[in-house]
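Architecture and fold: a report
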Amino acid sequence: MTDPSGQERLAAQVAFLIEIDGLKAVVRNTRLTDGSRDENSAEHSWHLAVMAATLAEHAAPETDINHAIRLLLLHDVVEIDAGDTDCYDVEGYVTKQAREQTAADRIFGLLPPEQAAVMRGLWEEFEAGETAAAGFANALDRLQPLLLVRHARYRDWSLRAKTREQVLARMAPIEHGAPGLWPIVTELVEEAFTTGRFGRTD
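Below is a summary of the structure that appears in this document. (Residues numbered from 1 in each chain as written. Predicted model: local features only at pLDDT ≥ 70, side-chain atom pairs only at ≥ 80, totals over all residues. Heavy atoms only, no water.)

On a plain count of helices and strands, the chain comes out with nine helices and two strands. The order of helices and strands in the chain, counted from the N terminus, is α-β-β-α-α-α-α-α-α-α-α. For the chain, with 202 residues in total, the buried portion stands at 43%. Only carbon and sulfur atoms are counted for the fraction: they give 56% of the accessible area of the chain, which is about 10,700 Å². (Helix = DSSP H or I, 4+ residues; strand = E, 2+ residues; numbered from the N terminus. Buried < 20%, exposed > 50% of the residue type's maximum accessible area, 1.4 Å probe, protein only. Areas by Shrake-Rupley, 256 points an atom, 1.4 Å probe, with all protein chains shown as cover.)

A cluster of nonpolar side chains, contributed by Leu10, Val14 and Ile18, occupies part of the molecular surface with about 280 Å² of accessible area. Relative to the assigned elements, Leu10 resides in helix α1 (residues 7–19). By relative accessible area, Leu10 is classed as partly exposed at 42%. (Patch = residues over 30% accessible without salt bridge, like charges linked within 9 Å, V, L, I, M, F, W, Y side chains within 5 Å. Salt bridge = Lys/Arg side-chain N within 4 Å of Asp/Glu carboxyl O.)

The subject of this paragraph is the nonpolar core. Among the nonpolar cores identified, the biggest contains 49 residues, and Phe108, Phe136, Leu140 and Ile174 are the most heavily contacted of them. Broken down by secondary-structure element, the contributors of at least two residues to this core are α2 (41–54), α3 (65–74), α4 (79–82), α5 (90–108), α6 (113–128), α7 (132–150), α8 (164–177) and α9 (182–195). At eight residues, the largest contribution of residues to this core is made by α7. (Core = buried A, V, L, I, M, F, W, Y, C linked by side-chain atoms within 4.5 Å.)

On to the environment of Leu181, then. Looking at where Leu181 falls in the secondary structure, it is placed in the loop between α8 and α9. For Leu181 and Leu140, which are 41 residues apart along the polypeptide, the C-alpha to C-alpha distance reads 9.2 Å. Ignoring anything within four residues of it in the chain, the contact list for Leu181 reads Leu55, His58, Leu140, Leu143 and Ile174. (Contact = heavy atoms within 4.5 Å.)

The subject of this paragraph is α2. The end-to-end C-alpha distance of α2 is 20 Å, a good match for the 20 Å that 14 residues give at a rise of 1.5 Å each. N-capping of α2 is provided by Asn40, with a side-chain oxygen placed 3.0 Å from the backbone N of Ala42. (Expected span 1.5 Å × (residues − 1). Polar contact = N/O pair within 3.5 Å; in protein donor to acceptor, adjacent residues only side chain to side chain.)

A separate point is the packing of α3 against α6. Where α3 contacts α6, the axes come no closer than 9 Å and their chain directions differ by 95 degrees. With respect to α6, the element α3 is oriented roughly perpendicular. Judged by residue contacts, His67, Arg70, Leu71, Leu72 and Leu74 of α3 engage Val118, Met119, Leu122, Trp123, Glu125 and Phe126 from α6. A per-class count over the contact of α3 with α6 returns eight nonpolar, one polar and two charged. (Axes fitted to C-alpha atoms, helices over the stretch in contact; angles between N-to-C directions. Parallel < 35°, antiparallel > 145°, perpendicular 65-115°, else oblique. Nonpolar A, V, L, I, M, F, W, Y, C, P; charged D, E, K, R; others polar.)

With that settled, the discussion passes to α7. Its 19 residues place the ends of α7 27 Å apart at the C-alpha level, agreeing with the 27 Å of an ideal helix rising 1.5 Å per residue. The buried fraction of α7 amounts to 16 of the 19 residues, a majority that puts the element mostly inside the structure.

Turning our attention to the pattern of salt bridges. Going through the model one piece at a time under the given rule, you end up with 12 salt bridges. With a closest N to O distance of 2.7 Å, Asp81 and Arg106 form a salt bridge. Here the residue Asp81 occupies a position in helix α4, and Arg106 occupies one in helix α5, the gap between them amounting to 25 residues. Classification of Arg106 as partly exposed rests on a relative accessible area of 35%. In this structure, the salt-bridge partner of Arg120 is Glu124, at a minimum N-O distance of 3.1 Å.

So this is what it looks like as structure tokens:
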């Protein structure tokens, strides 16, 4: 059945836009650099999009930066329902995929069908991490929390991981998706584990 006036289509698009406002309420386990509070997932997504535009020259060859930005703007939308799963939460990762798939069904399903398919496809592309754009997007998603932890003001910085191997395994997508940024990672990890600045518990 068609919608000649386009009003049903517009209503669905607005419903989606209102729904994703909920991402501002999803709190992550990463402090703002001023130390005042933890960031939320909407702030995280915005920061990553700006990082992609700023650090484009460090991406792997043939990376479509504008496409990577689209992936980053949508990659955490499912957290409205599924919540943010901390990267070192082993138990949480057991149910993460199922929770996020259910969330994707509902949230992207608010859109007109063809638009829902496109946006869900972008989310799935990010999750798979197989295209150059998704590789770059995933690399930035790993790097951003490390940068915030390192550059937090008014407090000693620390990593929650207990070994170099844990951190480097988490950061591994950066070496392939944004090879120009890998030296930053190795430098920060070395600094953390030679100064003892790891083990944050708050």
